[in-house]
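Topology and contacts: notes
Next come the chains, spelled out residue by residue.
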Amino acid sequence: LPAQAEVEETYLKKYDKAYGPTYAVLDVLQKVFYSSNGAREAFVELCDSKYVQQVTFDSYLYKRVQGNNPIDDLKLLGDTIGCLIKGYSGAKPDAVFSNPVESQKRI
(Lines give C-alpha, C1' and ligand atoms only; values in the text may rest on other atoms or scores of the structure.)
Protein backbone atom coordinates (compact mmCIF):
# COMPACT_ATOMS: atom_id res chain seq x y z
CA LEU A 1 0.00 0.00 0.00
CA PRO A 2 1.24 3.50 -0.78
CA ALA A 3 1.95 5.86 2.09
CA GLN A 4 -0.18 8.98 2.58
CA ALA A 5 2.58 11.25 1.30
CA GLU A 6 2.95 9.14 -1.85
CA VAL A 7 -0.79 9.25 -2.50
CA GLU A 8 -0.86 13.03 -2.10
CA GLU A 9 2.22 13.54 -4.25
CA THR A 10 1.32 11.10 -7.00
CA TYR A 11 -2.43 11.16 -7.32
CA LEU A 12 -3.97 14.11 -5.50
CA LYS A 13 -1.82 16.79 -7.11
CA LYS A 14 -2.73 15.56 -10.59
CA TYR A 15 -6.39 15.23 -9.64
CA ASP A 16 -6.52 18.68 -8.05
CA LYS A 17 -4.78 20.23 -11.04
CA ALA A 18 -7.21 18.59 -13.47
CA TYR A 19 -10.47 18.98 -11.54
CA GLY A 20 -9.83 21.67 -8.94
CA PRO A 21 -11.36 24.48 -11.03
CA THR A 22 -14.52 22.44 -11.56
CA TYR A 23 -14.96 21.90 -7.83
CA ALA A 24 -14.22 25.57 -7.15
CA VAL A 25 -17.03 26.61 -9.51
CA LEU A 26 -19.42 24.09 -7.94
CA ASP A 27 -18.52 25.38 -4.47
CA VAL A 28 -19.25 28.98 -5.48
CA LEU A 29 -22.55 27.93 -7.07
CA GLN A 30 -23.56 26.12 -3.91
CA LYS A 31 -22.65 29.04 -1.66
CA VAL A 32 -24.48 31.57 -3.85
CA PHE A 33 -27.55 29.65 -4.94
CA TYR A 34 -28.32 27.44 -1.95
CA SER A 35 -28.14 30.11 0.72
CA SER A 36 -31.84 31.05 0.78
CA ASN A 37 -35.20 30.53 -0.87
CA GLY A 38 -34.68 33.59 -3.07
CA ALA A 39 -31.32 32.31 -4.27
CA ARG A 40 -32.81 28.89 -5.05
CA GLU A 41 -35.59 30.57 -7.05
CA ALA A 42 -32.95 32.50 -9.00
CA PHE A 43 -31.08 29.26 -9.71
CA VAL A 44 -34.23 27.60 -11.05
CA GLU A 45 -34.84 30.59 -13.33
CA LEU A 46 -31.26 30.51 -14.64
CA CYS A 47 -31.49 26.80 -15.42
CA ASP A 48 -34.13 27.63 -18.03
CA SER A 49 -31.43 29.26 -20.18
CA LYS A 50 -30.27 27.24 -23.19
CA TYR A 51 -26.72 28.54 -22.66
CA VAL A 52 -26.68 27.36 -19.03
CA GLN A 53 -27.96 23.96 -20.08
CA GLN A 54 -25.31 23.65 -22.82
CA VAL A 55 -22.46 24.74 -20.54
CA THR A 56 -23.65 22.34 -17.84
CA PHE A 57 -23.90 19.43 -20.27
CA ASP A 58 -20.50 20.16 -21.82
CA SER A 59 -18.89 20.54 -18.39
CA TYR A 60 -20.17 17.15 -17.29
CA LEU A 61 -19.29 15.56 -20.61
CA TYR A 62 -15.70 16.85 -20.73
CA LYS A 63 -15.12 16.87 -16.93
CA ARG A 64 -13.96 20.49 -17.09
CA VAL A 65 -15.75 23.79 -16.66
CA GLN A 66 -16.86 24.88 -20.11
CA GLY A 67 -18.17 28.21 -21.34
CA ASN A 68 -15.68 29.57 -23.79
CA ASN A 69 -17.91 32.29 -25.17
CA PRO A 70 -17.03 35.54 -23.36
CA ILE A 71 -20.04 37.45 -24.70
CA ASP A 72 -22.49 34.79 -23.53
CA ASP A 73 -20.61 34.53 -20.23
CA LEU A 74 -21.11 38.27 -19.68
CA LYS A 75 -24.79 37.91 -20.56
CA LEU A 76 -25.01 35.07 -18.06
CA LEU A 77 -23.41 37.25 -15.39
CA GLY A 78 -26.02 39.94 -16.03
CA ASP A 79 -28.82 37.37 -16.00
CA THR A 80 -27.46 35.91 -12.76
CA ILE A 81 -27.45 39.29 -11.02
CA GLY A 82 -30.94 40.05 -12.34
CA CYS A 83 -32.29 36.67 -11.25
CA LEU A 84 -30.76 37.02 -7.79
CA ILE A 85 -32.33 40.46 -7.32
CA LYS A 86 -35.67 39.18 -8.56
CA GLY A 87 -35.41 36.01 -6.48
CA TYR A 88 -34.55 37.83 -3.26
CA SER A 89 -37.27 40.41 -3.78
CA GLY A 90 -40.06 37.89 -4.38
CA ALA A 91 -39.22 34.92 -2.17
CA LYS A 92 -40.53 34.30 1.29
CA PRO A 93 -37.88 34.43 4.00
CA ASP A 94 -36.45 31.10 5.09
CA ALA A 95 -38.23 29.61 8.07
CA VAL A 96 -36.29 29.36 11.30
CA PHE A 97 -35.36 25.75 11.91
CA SER A 98 -35.01 24.49 15.43
CA ASN A 99 -35.31 20.91 16.56
CA PRO A 100 -33.85 20.62 20.06
CA VAL A 101 -35.20 17.08 20.55
CA GLU A 102 -33.36 15.78 17.49
CA SER A 103 -30.26 17.77 18.45
CA GLN A 104 -30.21 16.09 21.87
CA LYS A 105 -30.38 12.64 20.26
CA ARG A 106 -27.20 13.37 18.30
CA ILE A 107 -25.15 14.37 21.35
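Everything discussed here concerns the structure shown above.
Reading the values: the criteria
- Residues numbered from 1 in each chain as written.
- Predicted model: local features only at pLDDT ≥ 70, side-chain atom pairs only at ≥ 80, totals over all residues.
- Heavy atoms only, no water.
- Core = buried A, V, L, I, M, F, W, Y, C linked by side-chain atoms within 4.5 Å.
- Buried < 20%, exposed > 50% of the residue type's maximum accessible area, 1.4 Å probe, protein only.
- Helix = DSSP H or I, 4+ residues; strand = E, 2+ residues; numbered from the N terminus.
- Contact = heavy atoms within 4.5 Å.
- Phe/Tyr/Trp six-rings, centres within 6.5 Å; stacked < 30°, edge-to-face > 60°.

**Let's talk about the nonpolar core**
- F33, A39, A42, L46, C83 and L84 form the largest nonpolar core, which has 6 residues in total.
- Among the elements of the structure, α2 (37-46) and α4 (70-90) are those that each provide at least two residues to this core.
- Here this core takes 3 residues from α2, the largest share from any one element.
- Residues contacting L46, with those up to four places away along its chain left out, are F33, V52, L76, D79, T80 and C83.

**Things to note about the packing of aromatic side chains**
- Taken as a whole and judged by the stated rule, the model has 4 aromatic pairs.
- Arranged with centres 5.3 Å apart and planes meeting at 45 degrees, the rings of F33 and F43 form a pair that is tilted. Taken together, the residues F33 in helix α1 (residues 4-33) and F43 in helix α2 connect sequence positions 10 residues apart.
- An aromatic cluster of three or more residues is present, and its members are Y15, Y19 and Y23.

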